[in-house]
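Observations on chain architecture
The chain contents come next:
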Amino acid sequence: QVSGGDRSITVSLAGLLLETGKAQRAVELLRPLAGSPGVSPDLLRTLGEACLGLGDAEGAESALVSLATTHPDAPRLLTRAAQRYLETGQADLAVSLLERLKDALQRAGRLREFAALTEKIPDTLGTKAPYLEFLSTLYGELGQDEKTAHALGRLFDLYFAERAYAPATEALDRLGRLDPY
């Protein structure tokens, strides 16, 4: 039993628990300390990673969001949380998290890093309109026409398959403006 007084030992112990596949125990150890004043970024990062190990995207997001631009692992872990939201069919939560992360990293001049992280989310998970809209906007802002066209093409296919012809037409129109040939 480790006392709450020495947080660095607690964080190290939680890291070891996480490495040995005991994410639940790591969360139980760290969660009580996460709300205390002067909490360390390493504690929050380890808690976020442990939450992801349990599949708890919301817990990971709450632990990591304050570290988005200050801890080098936070953007990668937050993107994994967004991926977890997509895996569980919560595209709106994924897009909300990605929008906030994008804004934070854009203010820090790290938008290209953010785009690279979103590319690690498998295409098979990006089958929801809000996420595809987000991708098309992101790639459009970055001037990556080929990736924008790919996202818009997938968006058109999705809307057309759902017989949502007005949004499908809009996606096709946007695609046509991007590449008229």
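For the structure, check the block above.
My aim in this report is to walk through the structure given alongside it, one point at a time. (Residues numbered from 1 in each chain as written. Predicted model: local features only at pLDDT ≥ 70, side-chain atom pairs only at ≥ 80, totals over all residues. Heavy atoms only, no water.)

**Here's the deal with the overall build of the chain**
Defined as follows: In this description a helix means any DSSP run of H or I spanning at least four residues, a strand means any run of E spanning at least two, and both kinds are numbered starting from the N terminus. Residue exposure (1.4 Å probe, protein chains only): buried if accessible area is under 20% of the type maximum, exposed if over 50%, otherwise partly exposed. Contacts: residue pairs with any heavy atoms within 4.5 Å of one another. Computed with the Shrake-Rupley method and a 1.4 Å probe, the accessible areas treat only the protein chains shown as cover for residues. This count recognises Lys and Arg as positive and Asp and Glu as negative, with His and chain-terminal groups excluded. Each charge is placed at NZ for Lys, CZ for Arg, CG for Asp and CD for Glu.
The helix and strand inventory of the chain stands at 10 helices and 0 strands. Listed by position from the N terminus, the elements making up the chain come as α-α-α-α-α-α-α-α-α-α. Along the first, second and third principal axes, the C-alpha atoms of the chain reach 65 × 35 × 25 Å. Within the chain, the proportion of its 181 residues that are buried is 43%. Of all intrachain contacts in the chain linking residues separated by at least 6 positions in sequence, the fraction that spans at least 24 positions is 50%. In the structure as shown, the chain presents an accessible area of about 9,500 Å², 52% of it carried by carbon and sulfur atoms. Counting 20 positive and 25 negative side-chain charges, the chain places the averaged centre of each group 4 Å from the other.

**Some points on the nonpolar core**
Short version of the rule: In this description, a nonpolar core means a group of buried Ala, Val, Leu, Ile, Met, Phe, Trp, Tyr and Cys residues linked to one another through side-chain atoms lying within 4.5 Å.
If you look at the biggest cluster of nonpolar residues, it comprises 49 residues, and the most contacted ones within it are Leu 86, Phe 114, Tyr 131, Phe 134 and Leu 138. Those elements that place two or more of their residues in this core are helix H1 (7-19), helix H2 (23-34), helix H3 (41-53), helix H4 (57-64), helix H5 (74-87), helix H6 (91-107), helix H7 (111-118) and helix H8 (129-141). Beyond its immediate stretch of four places on either side in the chain, Tyr 131 contacts Leu 86, Val 95, Leu 98, Thr 118, Ile 121 and Gly 126. Listed in part, the 8 residues of the second largest apolar core include Ala 129, Leu 152, Tyr 159 and Ala 168.

**Section: the pattern of salt bridges**
Rule in force here: Salt-bridge detection follows one rule: a side-chain nitrogen of Lys or Arg within 4 Å of a carboxyl oxygen of Asp or Glu.
On inspection of all chains with the given rule, the structure shows 13 salt bridges. The shortest N-O distance in the salt bridge between Asp 123 and Arg 154 comes to 3.3 Å. You can see Asp 123 sitting in the loop between H7 and H8 and its partner Arg 154 sitting in helix H9 (residues 145-161), a full 31 residues away along the chain. Connected through shared salt-bridge partners, Arg 45, Glu 49, Asp 73 and Arg 76 make up one network.

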